[in-house]
Amino acid sequence: MTLRNQVLVWVTFLVVLILLLWLFRGILLPFVVGAALAYLLNPLVNQLQRWHFSRGWATTVVLLSVITIFLSLFFMLVPLIGQQIIGLIQRLPGYVSDLQALITKWSPEINEWLGPERAAQLQTSISAMTTQVLGFIAALPAELVNIGLTGAGVIGFTLLTPVVAFYLLLDWESMVRGLQALIPPIYRPEINGILGDIDKSMAGVIRGQGGVLLIDAAFYATALSLIGLNFGLAVGLIGGLLSFIPFVGFAVGFALSVGIAIVQFWPNYWMVVAVCAIFMGWQFVEGNILYPKLVGSSININPVWLMFALLAFGALFGFVGLLLAVPLAAIGGVLVRYGVSKYKASTLYLGQNGGAGGDTSAP
């Protein structure tokens, strides 16, 4: 098969895959999460098999252990977190009104400090931001319905996801062998090398991105709760869990925290400064240490490409697209690097003489 035909086959496969994802985007969530869970847990199942467990028993033990841990954390933490989130949503319009009242009260000082033109711009920006926040809250129930997080959707998700993960784990090795058998023997070493790179990149995505989310959420929730911020646990978790979108988690958490801190602590501005320091300091740690080390270095792609992938797949596939964006970006990065290496080894790049007959003109 010529290089042109190989490229045509891979492009066709990619187009068909994207079309199928778009057609079935409404039902993909439990299957995507179940597949990710199976991929993450497969090494544990393999380890139990090496300890002379059968595949079925190893799958059952691992999956039941994970479900038990998850349910324990759910029943311990969700009531407290849910109470705080509901309280935050109910109280947030009041916080916005209180913040606007404080701004009106400070208008003479702000005008004197910034000047009338800049003060008017500041008030306009704050009004626009509060309108967007309230609009987001008003649209939240509809968004939850769109991604299936209604009562029936949650029940279906919680029941179907473990079933999908169980059967994928049970047949994982046979599925891998079946896919290996479909690869033409002449191309098998090369394609296995690509699949090995994809496997390493996917493992980096799951470990790296999951690690960043958990560390961010734990830090923000703990730090904001320790300084006594109202709804600090909920705000910290929201900011941390949204950090899978670069800078969005920081922006949402920072805006909510500073707004609540101003209303709650003023005129003790040092507490507002403390809230700002928590977010600014941790953003430096995340941007310069956590994200490059745990995520960027694992999948070896530029953060700009990550942001583009999140926006593009989110626009195409909604919430499922956000879950798929980083793994697919990682796979795309591996394939692009492979394509570039093939291009640089081709006659199109090297010329008909393999680069030996380059420019022979005198310097």
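Residues numbered from 1 in each chain as written. Predicted model: local features only at pLDDT ≥ 70, side-chain atom pairs only at ≥ 80, totals over all residues. Heavy atoms only, no water.

Visitor: Help me out: how do you make sense of the nonpolar core in this one?
Guide: As a rule of thumb, nonpolar side chains are buried together in soluble globular proteins. Membership of the largest hydrophobic core comes to 26 residues, with the highest contact counts inside it found for Leu224 and Phe279. Listed by contribution, the elements that provide at least two residues to this core are helix H3 (55–105), helix H8 (188–226), helix H9 (232–241), helix H10 (248–265) and helix H11 (269–299). (Core = buried A, V, L, I, M, F, W, Y, C linked by side-chain atoms within 4.5 Å. Buried < 20%, exposed > 50% of the residue type's maximum accessible area, 1.4 Å probe, protein only. Helix = DSSP H or I, 4+ residues; strand = E, 2+ residues; numbered from the N terminus.)

Visitor: Just to check I follow, could you spell out the side chain of Asn46 for this structure?
Guide: Of note, Asn46 is situated in helix H2 (residues 29–50). In this structure the side chain of Asn46 is engaged in a polar contact, spanning 2.7 Å, whose partner is the side chain of Arg55. If we skip the residues at most four places from it in the chain, Asn46 touches Arg55 and Glu173. (Polar contact = N/O pair within 3.5 Å; in protein donor to acceptor, adjacent residues only side chain to side chain. Contact = heavy atoms within 4.5 Å.)

Visitor: Could you clarify how one ought to interpret the confidence of the model for the protein chain in this entry?
Guide: Detailed conclusions should not be drawn from predicted coordinates in areas where pLDDT is low. On average, residues of the protein chain carry a pLDDT of 76, and 75% of them reach 70 or more. At the low end of the mean pLDDT range in the protein chain sits helix H5 (residues 116–146), at 60; at the high end sits H2, at 86. Residue range residues 356–363 is modelled with pLDDT below 50. Its contacts to residues more than four positions away, or to other chains, number 0 contacts. (pLDDT = per-residue confidence, 0-100.)

Visitor: How do you make sense of the packing of aromatic side chains when you look at a structure like this?
Guide: Here the distance between the centres and the angle between the planes together describe a pair of aromatic rings. Under the criterion given, the structure shown has 6 aromatic pairs. Ring centres 6.2 Å apart and planes at 55° place the aromatic pair Tyr39 and Trp172 in the tilted group. With a gap of 133 residues between them, Tyr39 in helix H2 and Trp172 in helix H7 (residues 172–182) connect regions that are remote in the sequence. Of the two residues examined, Tyr39 and Trp172, each falls in the buried class. (Phe/Tyr/Trp six-rings, centres within 6.5 Å; stacked < 30°, edge-to-face > 60°.)

Visitor: Is there a simple way to think about the side chain of Asp216 in this case?
Guide: On the secondary structure map, Asp216 appears in helix H8. Residue classification places Asp216 among the buried positions, given a relative accessible area of 0%. Non-local contacts of Asp216, meaning those with residues more than four positions away in its chain, are made with Gly240, Ser243, Trp282, Glu286 and Leu290.

Visitor: Please clarify how the pattern of salt bridges should be interpreted in this entry.
Guide: Close approach of charged atoms lets side chains of opposite charge pair. Per the stated rule, a full pass over the model turns up 1 salt bridge. Put simply, Glu173 and Arg55 hold a salt bridge, and the shortest N to O gap is 4.0 Å. One end of the pair, Glu173, is in helix H7; the other, Arg55, is in helix H3, with 118 residues separating them in the sequence. Judged by relative accessible area, which is 26%, Glu173 ranks as partly exposed. (Salt bridge = Lys/Arg side-chain N within 4 Å of Asp/Glu carboxyl O.)

Visitor: Any chance you could explain helix H13 (residues 319–344) here in plain terms?
Guide: Residues that lie three or four places apart on an α-helix share one face, since the helix turns once every 3.6 residues. Its 26 residues place the ends of H13 38 Å apart at the C-alpha level, agreeing with the 38 Å of an ideal helix rising 1.5 Å per residue. At Ala325, H13 is deflected by roughly 40°, the largest bend along its length, and proline Pro327 occurs up to four residues later in sequence. (Expected span 1.5 Å × (residues − 1). Bend = angle between axes of the 7 residues up to and from the residue.)

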